[in-house]
Amino acid sequence: MSTEWQKKLRRIVLNRDNWICQYCFKKLVPQNHGATEFEQVATIDHKIPISRCSSVSNAWKLSNLCACCRQCNEGKGALSAIEWLIVLAFRRGEVRLLNELQKAA
Ligand SMILES: [Zn+2]
């Protein structure tokens, strides 16, 4: 996040998403708010990671960006939004059906 257009885009996305992580619904704080809220630091995430997008311009489309806490952003890595939501659901124990299907396989 260094260029001016990226800073502008970041602000647009965070405001659109009300400074709430779109994955875990945590309230986000600005980057320089303080180290104690590290997990809540506002980032923007590429729902489809840049490395998996068909083009750089597709990667930076507003529809491919969302507000994201640093914890989710680092955990998500190169996963897609859907894949990360499944991981979070697993962690919360909300994917019993998938567990059962895996056991049956
Ligand atoms: Zn999050």
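Ranked by size, the top nonpolar core spans 14 residues in total, and within it C21, I44, A67 and C68 carry the most contacts. Of all the elements in the fold, those that place two or more residues in this core are α1 (4–16), β1 (42–46) and β2 (65–69). The element that contributes the greatest number of residues to this core is β2, accounting for five residues. Look past the residues within four positions of A67 in its chain and what remains in contact with it is V13, L14, D17, W19, I20, C21, Q22, L28, A42 and I44.

With 91% of its residues at a pLDDT of 70 or more, the protein shows a mean pLDDT of 89. For the protein, helix α5 (residues 96–104) is the element with the lowest average pLDDT, namely 73, and β2 is the one with the highest, namely 97.

At N18, a residue that is not glycine, the phi angle is positive and equals roughly 55°. In this structure, N18 sits in the loop between α1 and β1. Taking the C-beta count within 10 Å as the criterion, N18 has 10 such neighbours and is therefore assigned exposed. Unusually for a residue other than glycine, F25 sits at a positive phi of about 65°. Secondary-structure assignment places F25 in the loop between α1 and β1.

Conventions adopted
- Residue positions are given per chain, counted from 1 along the sequence in the order it is written.
- Local features in a predicted model are, by the rule used here, given only for residues with pLDDT of at least 70; side-chain atom pairs are given and counted only at 80 or more, and totals for whole chains, interfaces and linings are based on all residues.
- Think of a nonpolar core as buried Ala, Val, Leu, Ile, Met, Phe, Trp, Tyr and Cys residues chained together by C-beta atoms that fall within 7 Å.
- Counting other C-beta atoms within 10 Å of a residue's C-beta gives its exposure: the residue is buried at 20 or more, exposed at 12 or fewer, and partly exposed in between, where C-beta atoms are placed from the backbone.
- Helix numbering and strand numbering both begin at the N terminus, where a helix is a DSSP run of H or I of at least 4 residues and a strand a DSSP run of E of at least 2.
- A residue pair is marked as a contact if its C-beta atoms, positioned from the backbone, fall within 7 Å.
- pLDDT is defined as a per-residue confidence score from the predictor, taking values between 0 and 100.

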